[in-house]
Amino acid sequence: MSRVITLTSGVPLQLLVAEDSEDDFELLLRNLRAGNYIVTAERVHSQKQLDAELDRPWDLVISDWLMPGFSGRAVLETVRARSLDLPVIVSSGTPGEEAAVQALHLGALDFLSKDRPRRLVPAVQRALREAEGRRARVRIERELKLSEERYRTGFAVTPEPLLTYDLAQRRIIDANDAAQRMYKRTLEELRELPFLSLSAPVQSDGRPAAEYAADNLARAMTGERVTIPWLMLVEGEIIPTEISMIQLPTQAGNLARVQIVDLRERMKMEAMRRRSADLELQNRRIQEANRLKSEFLANMSHELRTPLNAIIGFAELLHDGQVDAASPQHKEFLGDILTSGRHLLQLVNDVLDLAKVEAGKLEFRPEPIDIRKSLVEVAAILRTTAAGKRIRLEIEVDPALAEDKRGIVLDPSRFKQVAYNYLSNALKFTANGGRVIARIGPEGDSNLRFEVEDNGIGISANDVGRLFSEFQQLDAGAAKRHQGTGLGLALTRRIVEAQGGSVGVNSAVGTGSTFHAILPRRTRAMVTPLVPRTTTRDGAQTVLVVEDDARDQAQLVTTLSGAGFSVELATTGAEALARWRERRFDALTIDLLLPDMSGLDLLAALAGEDRRPTIPIIVVTVVPDANVVAGFPVHDVLHKPVNRDSLLASLQRAGVSGTLVEGS
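Remember, predicted model here, so these are calculated numbers, not experimental data.

Conventions and cut-offs
Residues numbered from 1 in each chain as written. Predicted model: local features only at pLDDT ≥ 70, side-chain atom pairs only at ≥ 80, totals over all residues. Heavy atoms only, no water. Salt bridge = Lys/Arg side-chain N within 4 Å of Asp/Glu carboxyl O. Helix = DSSP H or I, 4+ residues; strand = E, 2+ residues; numbered from the N terminus. Pairing = 2+ DSSP bridges. Core = buried A, V, L, I, M, F, W, Y, C linked by side-chain atoms within 4.5 Å. Buried < 20%, exposed > 50% of the residue type's maximum accessible area, 1.4 Å probe, protein only. Contact = heavy atoms within 4.5 Å. 1 Å grid on protein atoms, 1.4 Å probe; cavity = no way out; pocket = protein on both sides within 12 Å on 5 of 7 lines; lining within 4 Å. Points joined across faces, edges and corners; volume = space filled by probe spheres on them. Nonpolar A, V, L, I, M, F, W, Y, C, P; charged D, E, K, R; others polar. pLDDT = per-residue confidence, 0-100. Axes fitted to C-alpha atoms, helices over the stretch in contact; angles between N-to-C directions. Phe/Tyr/Trp six-rings, centres within 6.5 Å; stacked < 30°, edge-to-face > 60°.

## Brief notes about the pattern of salt bridges
Across all of its chains, the model carries 38 salt bridges by this definition. Put simply, Glu237 and Arg264 hold a salt bridge, and the shortest N to O gap is 3.1 Å. In this pair, Glu237 sits in strand β12 (residues 237–247) while Arg264 sits in helix α9 (residues 264–319), placing the two residues 27 residues apart along the sequence. Where salt bridges share partners, they join Glu396, Arg435, Arg439, Glu443, Arg449, Glu451 and Glu453 into one cluster.

Written out as structure tokens, the structure reads:
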């Protein structure tokens, strides 16, 4: 039987009352009404009625303790048996301590005496409040459980290795399946192992792992997101990785999520991409070289045929007796034969000299020279050419060179060859009545700068890059107007670079050109490679050069030897590893393209060696990129062809110098 009491305002209450007395039920409702409750109530007084009504939603149950054939104990036991989240208050007309203890033990929130009706409303308020609080806790716990389940699912199935790391205690708290597979350890094993035992002892920046980790963990504890290269150690194998740490918003604030990216596949793909790009570049260069050589042969055949035709033609006339030996014409024809022969010899010498440079057999015999005198001698040879075009040929030598007490030490014939090529080229492309200036001055403390400036036709920016290449002339039109094989500037570049120098040009169409060559003031007597396998200097620091290309071998060995280093050469990765294990080196240069393995494989193998882990490694590559060698202990990346100053400066930054040790 339901009784609904409606008030103008109040708190709705769905109430189930277990009571055998109608009068007590009415009194209960009046008390609740007085407490400002709007009550929808149902009274039951048997187990059957209770079972039926408990299927409906109720806010509260109030039960008498003693009823005929029924009891408050039965009500409490039924609510508990059905696992209902339903608060129960017991009200008794014959209260006793034992009954109250039993009721509270069975789950009653309160035990009231019917003769104290004023306690009813506060008890109901407390029961409803506690019930709501309990339900809120249950909801929160349920949501937390669902959130934890979602987190665990996401954490576990993430394809990248993840760790939960205690920043304060420096230990692994959790690891997902991917991390366990990467480390080849179970979660229990990872929790027992210090993180540093899973890391290479020396990291990519050359510092011990403990020091490197301490610095970055301190940053992570400030809340900063830290991303660093890290070398893992798994069953003796060094694995290059990138790890990211971010502090988790926990109450203690000492947990971090660590995400690990295995870089091996990425590095393999990058190496394949670079290898493909290098092969494509080499293929284009080969095709271009074939095209240029074909053009060169066509041009060379013309250049060689011209003096040969003159020699043969004039010789036939003399041989057949068609010219009187006593006539002036006879002597003139002999002069033409001599001139054509000398021209032919010059062409052949240019080709042979270039071949010698490429084969590493061009000899240099430096000696103290008067630089002005040498330049004047070259200019004197060309005076007739200059006079024929009314070109003013001037020479300027900086007095500072004359004040150098140690003097200039160069191969005079090779310097004259460079000067002749530059000056003759300037005279060839300068119009009648023009001007050519040859200058020599200091370039830093140890070099000199030789320049030839003209006000000739100039060179477009698109053509400048082709000037010093073998077998190239700028266009067919120019080749037809001006004789030559296109070897002069290429040979000049090779001669200068073989002595550790460099060449270049500044030019613009219509305004002229300035060609320059930077040469050391003092060069050593040498035959540019055949490259020795070792160059030893007592007491000097030793560099291991890992390079298979003959030209790059020559450049690196010559540069390092000239700077005072002892040098050993390895042409394969296997040979480099063998030499590394045999003796101590102070530095290494490594090409990334080796015949038996990639430079990255060699770097990984070297990183796995326990010996001398902090020795600086300089990578020499066609395509320089720092991210290429991320995760490896590389000091520097240099671009081929390696600039002498860049290489020596890089070694100096690493604390490696070619200066001989005192007492050596």
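## Some details on the pairing of strand β20 (residues 502–508)
As judged from the 7 bridges shared by β20 and strand β21 (residues 512–520), these two strands associate in the antiparallel manner. What sits directly across from Ser507, in β21, is Ser513. Taking the residues between adjacent antiparallel strands as the criterion, β20 and β21 are bridged by 3 residues, where Gly510 takes a positive phi near 90°.

## What to know about the nonpolar core
In this structure, Tyr422, Leu423 and Phe450 are the most contacted members of the largest nonpolar core, which totals 40 residues. If you tally residues by element for this core, the top one is helix α13 (residues 412–428), at 7 residues. Each residue touching Phe450, except ones within four places of it in the same chain, is listed here: Leu375, Phe415, Val418, Ala419, Tyr422, Ala438, Arg439, Ile440, Phe515, His516 and Ala517. Membership of the second largest hydrophobic core comes to 28 residues, among which are Tyr165, Ile172, Val226 and Ile243.

## Looking at empty space enclosed by the protein
Overall, the coordinates contain 1 cavity of 30 Å³ or more when judged by the stated rule. Empty space within the largest cavity amounts to approximately 110 Å³. Lining the largest cavity, in full, are Leu163, Tyr165, Phe195, Ala213, Asn216, Leu217, Ile228, Trp230, Ile243, Met245 and Val258. Breaking the lining of the largest cavity down by element, the ones donating at least two residues are β9 (162–166), α8 (209–221), β11 (226–234) and β12. Residue contributions to the lining of the largest cavity peak at 3 residues, all from α8. In the lining of the largest cavity, the residues fall into 10 nonpolar, 1 polar and no charged.

## Considering the confidence of the model for the chain
Looking at the chain as a whole, the pLDDT averages 80, with 81% of positions reaching at least 70. Every residue in residues 1–8 scores below 50 in pLDDT, and together they form 23 contacts with partners more than four places removed in sequence or on other chains. Ignoring residues within four places in sequence, the model shows residues 476–480, a span with pLDDT below 50, making 1 contact including any to other chains.

## Regarding the sheet that holds β11
Taken in spatial order, the 5 strands line up as β10-β9-β13-β12-β11 in an open sheet, and their pairing is antiparallel. Of all the strands in the sheet, the pair left with one neighbour each is β10 (171–175) and β11. On average, adjacent strands in this sheet sit at an angle of 35° to one another, irrespective of strand direction. Of the strand pairs in this sheet, β12 and strand β13 (residues 255–262) are connected by 7 bridges, and their pairing is antiparallel. Across the sheet, the residue bridging to Thr241 is Asp262, located in β13.

## A few points about the packing of aromatic side chains
The tally for this structure, following the rule as stated, stands at 8 aromatic pairs. A ring pair is formed by Tyr422 and Phe450, whose centres lie 6.0 Å apart and whose planes are at 25°; its orientation type is stacked. Here the residue Tyr422 occupies a position in helix α13, and Phe450 occupies one in strand β19 (residues 447–454), the gap between them amounting to 28 residues. Ring geometry for Tyr422 against Phe515: centres 5.6 Å apart, planes inclined by 50°, an arrangement best described as tilted.

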